[in-house]
Amino acid sequence: MPFMHSESKKIHQISLQLFDQPGLEEFLGYEKRHKEIIDRFGRYPHRNAILGRISSNEEQKFLTEPGSSFL
């Protein structure tokens, strides 16, 4: 799981391979969703406030969209 929660694009390339195994299809789906966020923003926007980062307008809009959270 640390790979999936990294903010490194390079790590997500490895993570895709790690989760692309029989029986891990559900986790692969989650990894793909995580990677899409990293590819789009280069970071996880929902971490911005706690890390003292300023959110861009695009990140703020994203955080209001359905499916932006994994809850």
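Look above for the structure.
Residues numbered from 1 in each chain as written. Predicted model: local features only at pLDDT ≥ 70, side-chain atom pairs only at ≥ 80, totals over all residues. Heavy atoms only, no water.

Peer 1: Would you take a moment to explain the overall build of the chain for this structure?
Peer 2: Along its length, the chain carries 4 helices and 0 strands. Traced from its N-terminal end to its C-terminal end, the chain shows the element sequence α-α-α-α. Its C-alpha atoms put the chain at 40 × 25 × 20 Å along the principal axes. Within the chain, the fraction of its 71 residues that count as buried is 27%. Contacts in the chain between residues far apart in sequence, at least 24 positions, make up 36% of those at least 6 positions apart. Of the charged side chains in the chain, 10 are positive and 10 negative; the average position of the first set lies 6 Å away from that of the second. (Helix = DSSP H or I, 4+ residues; strand = E, 2+ residues; numbered from the N terminus. Buried < 20%, exposed > 50% of the residue type's maximum accessible area, 1.4 Å probe, protein only. Contact = heavy atoms within 4.5 Å. Lys, Arg positive; Asp, Glu negative; His and termini not counted. Charge placed at Lys NZ, Arg CZ, Asp CG, Glu CD.)

Peer 1: What am I meant to see in the nonpolar core here?
Peer 2: Burial of nonpolar side chains together is a common tendency in soluble globular proteins. In terms of nonpolar packing, the biggest core is built from 5 residues, these being Ile 37, Ile 38, Phe 41, Tyr 44 and Phe 62. With 3 residues, the top contributor of residues to this core is helix 2 (residues 25-41). Leave out the neighbours within four places in its chain, and Phe 41 touches Glu 58, Glu 59 and Phe 62. (Core = buried A, V, L, I, M, F, W, Y, C linked by side-chain atoms within 4.5 Å.)

Peer 1: Any chance you could explain the pattern of salt bridges here in plain terms?
Peer 2: Close approach of charged atoms lets side chains of opposite charge pair. Tallied over the entire structure, the rule returns 5 salt bridges. As a salt-bridge pair, Arg 53 and Glu 7 come within 3.0 Å of each other at their nearest N and O atoms. Of this pair, Arg 53 sits in the loop between helix 3 (48-51) and helix 4 (57-64) while Glu 7 sits in the segment before helix 1 (9-19), and the two are 46 residues apart along the sequence. Here Arg 53 falls in the partly exposed class, since its relative accessible area comes to 22%. In this structure, the salt-bridge partner of Asp 39 is Lys 35, at a minimum N-O distance of 2.6 Å. Of this pair, Asp 39 and Lys 35 both sit in helix 2, separated by 4 residues, roughly a single helical turn. (Salt bridge = Lys/Arg side-chain N within 4 Å of Asp/Glu carboxyl O.)

Peer 1: Help me understand the side chain of Arg 43 in this model?
Peer 2: Note that Arg 43 resides in the loop between helix 2 and helix 3. Looking at Arg 43, its side chain comes within polar contact range of the main-chain oxygen of Ile 54, at 2.8 Å. Every residue in contact with Arg 43, bar those within four places of it in the chain, is listed here: Glu 7, Ile 37, Ile 38, Asn 48, Arg 53, Ile 54, Ser 55, Ser 56 and Glu 59. (Polar contact = N/O pair within 3.5 Å; in protein donor to acceptor, adjacent residues only side chain to side chain.)

Peer 1: For this particular structure, what's the right way to read the environment of Glu 7?
Peer 2: Of the residues examined, Glu 7 reaches a relative accessible area of 25% and is grouped as partly exposed. Distance in space between the C-alpha atoms of Glu 7 and Phe 27 is 17 Å, their sequence separation being 20 residues. Setting aside residues up to four positions removed in sequence, Glu 7 forms contacts with Ile 38, Gly 42, Arg 43, Tyr 44, Arg 47 and Arg 53. Polar side-chain contacts of Glu 7 include one of 2.9 Å to the backbone nitrogen of Tyr 44. In this structure the side chain of Glu 7 is engaged in a polar contact, spanning 3.0 Å, whose partner is the side chain of Arg 53.

That is the geometry; function is a separate question.
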